[in-house]
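Listed below are the residues making up each chain.
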Amino acid sequence: NRALPFAALWGLGTGVSVGLLMVFFETAVVHIHGWLWPTAGSSIELFEADNWWQHALIPIFGALLIGLMYGRLPIRARSAGVAHVIERIMRHDAVLPFRNAIAHFGGAIIALASGFSVGREGPAIHMGATLANWPGRLGFLPSNFGRLLAASGAAAAVAASFNTPLAGVILAMEVVLMEYSIAGFAPVMLSAVGATVVTQYFHGSLRTFSVPPFELASLWELPWLALLGFVIGILAHSMIMLLDSFSRVLRTHKPWLRALLAGVITAIGAALVPQAMGLGYDSVNTALVGQITISAAFALLVAKLILSAAAIGLGIPGGLIGPSVVIGAMAGTVIGWLGQFTALSHTSPIAFYALVGMGTMMGAVLQAPLAAITAMLELTGNPNVIMPGMFALMAGYITQKVIFRDEPLFLHVLARRGITQEKDARLRALQQTSVAAAANRNVTLLPST
């Protein structure tokens, strides 16, 4: 509590800094993308408007650039992303090296501008957590407070990436810290507020996705929502397995060779489904207004699943939360169309299933249900999605835990590296307690004799 006022002010400052960084990130991506893809104009989503040779050459060029950049880094400086942040929190008092964060941040700009199917939230969380923990590195605060500062940076990054402050706070607690701390809410919340204020100042307060006021048409659709959750549970497991498989390919080879393979896979996917390149949020908006066919949604689902897992698994910097949102929206669209083809003539609009699928996939991959439901609500501003979203999400979560016995994505990645979460609650409590705060200062000095 003695550190709380400073931590709260630092959290607010961190949020503002991360918000400005994200504005710079998006501006850099737009400018480099405009130079590489001149026919797309100011949009970073219109890959389908370009020529086939651009789809083939630009991702390969971007991959070589990233591979050569990473090849010049020492091996320990290549670890990055949300899994790296969680590892440093678990093992190193949340002290995050700046070189890793800067390399990941710059590489993600090149990756998104080149058309790789990655999200922007991974490098944002990494950079945000690194910036937030400056006082911990310099000794201004006890080392146990570094965990909360790193979570503050993560919350700011999610809030700035999606314009979702509350979801940023909950995701930081559920996914990064993996616990709820009363003392930690102040810096984490203020950090999310600071980042959101900056984002809205530069980009306005419009939501990421524009959604009509859908609602569940009938309670008889609950079995259909359970089917959607079951399918998404399978898709989430498939994404984790694909990520595992690609991460083992050419593991002992040079980074440029792995990145080149990711570029070739992206080029092939772009030739078949150009909409799978980049963030893919334009396709989500198309699905949320009911203007995408079942064949287009299925093709984009498969392409996005493979391209995203290949890019991240082969070392391309970026995040998986954004691609999971797109995959979930496409899965919901496919299930919604199938519902229209059956005898369930009373089904809700297809776009409603895309909306539910979007949050369900995000929650299933991260195994962070509350963060997913909150993000779904904030991204769309539609409270009617809460109850059906919770039902579908639980169906997907149970599918993963019971049938496949999956861990959350980032813990699974760390487990593959031999890093596991401390199971003993007493040891975890000791890691979170400062000696200065726990010491009894009511002592008596006795004579030396």
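The model shown is predicted, which means the values in this text are computed figures rather than measured ones.

Student: Teacher, can you tell me more about the packing of aromatic side chains here?
Tutor: Aromatic rings in a pair are described by how distant their centres are and how their planes are angled relative to each other. One pass over the structure, following the stated rule, counts six aromatic pairs. Geometrically, the ring pair formed by phenylalanine 25 and phenylalanine 105 is tilted, given 5.1 Å between the ring centres and 55 degrees between the ring planes. In this pair, phenylalanine 25 is assigned in helix α1 (residues 4-36) and phenylalanine 105 in helix α4 (residues 98-114), connecting sequence segments 80 residues apart. Accessibility assignment for this pair places phenylalanine 25 and phenylalanine 105 in one class, buried. Residues tyrosine 201 and phenylalanine 202 carry aromatic rings whose centres are separated by 5.2 Å and whose planes lie at 85 degrees to one another, so their mutual orientation is edge-to-face. Residue class for tyrosine 201 comes out exposed when judged on its relative accessible area of 68%. Assessed through its relative accessible area of 44%, phenylalanine 202 is described here as partly exposed.

Student: It is not clear to me how the layout of surface pockets should be interpreted in this structure. Could you clarify?
Tutor: Using a probe with the size of a water molecule, rolled over the atoms, empty space left in the structure can be pinpointed. Its boundaries defined by the atoms lining it, the largest pocket holds a volume of some 1,200 Å³. If you trace the largest pocket, you find 39 residues lining it, with Arg78, Arg258, Gly313, Gly315 and Arg417 closest to the centre. Of all the secondary-structure elements, those providing two or more residues to the lining of the largest pocket are α2 (52-71), α3 (82-91), α5 (121-132), α10 (222-248), α11 (255-272), α13 (294-313) and α18 (409-416). Split into classes, the residues belonging to the lining of the largest pocket amount to 17 nonpolar, 12 polar and 10 charged.

Student: What is the right way to read a nonpolar patch on the surface from this model?
Tutor: Together, Leu227, Phe230, Ile234, Met394, Ile398, Val402 and Ile403 make up a nonpolar patch on the protein surface, roughly 600 Å² of accessible area in all. When residues of the nonpolar patch are traced back to their parent elements, those giving at least two are α10 and α17 (386-404). Per element, the largest residue contribution to the nonpolar patch is four residues, and it comes from α17. Position of isoleucine 403 among the secondary structure elements: in helix α17.

Student: How do you make sense of empty space enclosed by the protein when you look at a structure like this?
Tutor: Under the defined criterion, the tally for this structure stands at one cavity of 30 Å³ or more. By volume, the largest cavity amounts to about 50 Å³. As for the largest cavity, its lining consists of Val158, Phe162, Thr164, Ala167, Val325, Met362, Ala375 and Leu379. Elements that contribute at least two residues to the lining of the largest cavity include exactly α7 (146-162) and α16 (369-380). Each residue belonging to the lining of the largest cavity can be placed in one class, and the counts come to seven nonpolar, one polar and no charged.

Student: Even after reading the chapter, I still don't get the packing of α10 against helix α15 (residues 350-366), so can you show me in this structure?
Tutor: The relative placement of two packed helices is expressed as an angle between their axes plus a distance between the axes. Contact geometry for α10 and α15: axes closest at 9 Å, N-to-C directions at 40 degrees. Classified by the angle their axes make, α10 and α15 are oblique. Regarding α10 and α15, the two cross each other, and that crossing is right-handed. For the pair formed by α10 and α15, the contact residues are Trp224, Leu225, Leu228, Gly229, Ile232, Leu235, Ala236 and Met239 on the first element and Tyr353, Val356, Gly357, Thr360, Met361, Ala364 and Val365 on the second. Partitioned by chemical class, the residues of the contact of α10 with α15 number 12 nonpolar, three polar and no charged.

Student: What is the right way to read the side chain of asparagine 100 from this model?
Tutor: Of note, asparagine 100 is situated in helix α4. Looking at asparagine 100, its side chain comes within polar contact range of the main-chain oxygen of alanine 77, at 3.4 Å. Every residue in contact with asparagine 100, bar those within four places of it in the chain, is listed here: Arg76, Ala77, Arg78, Ser79, His84 and His126.

How each quantity is defined
Residues numbered from 1 in each chain as written. Predicted model: local features only at pLDDT ≥ 70, side-chain atom pairs only at ≥ 80, totals over all residues. Heavy atoms only, no water. Phe/Tyr/Trp six-rings, centres within 6.5 Å; stacked < 30°, edge-to-face > 60°. Helix = DSSP H or I, 4+ residues; strand = E, 2+ residues; numbered from the N terminus. Buried < 20%, exposed > 50% of the residue type's maximum accessible area, 1.4 Å probe, protein only. 1 Å grid on protein atoms, 1.4 Å probe; cavity = no way out; pocket = protein on both sides within 12 Å on 5 of 7 lines; lining within 4 Å. Points joined across faces, edges and corners; volume = space filled by probe spheres on them. Nonpolar A, V, L, I, M, F, W, Y, C, P; charged D, E, K, R; others polar. Patch = residues over 30% accessible without salt bridge, like charges linked within 9 Å, V, L, I, M, F, W, Y side chains within 5 Å. Areas by Shrake-Rupley, 256 points an atom, 1.4 Å probe, with all protein chains shown as cover. Salt bridge = Lys/Arg side-chain N within 4 Å of Asp/Glu carboxyl O. Axes fitted to C-alpha atoms, helices over the stretch in contact; angles between N-to-C directions. Parallel < 35°, antiparallel > 145°, perpendicular 65-115°, else oblique. Left-handed = near helix turned anticlockwise from the far one by under 90°. Contact = heavy atoms within 4.5 Å. Polar contact = N/O pair within 3.5 Å; in protein donor to acceptor, adjacent residues only side chain to side chain.

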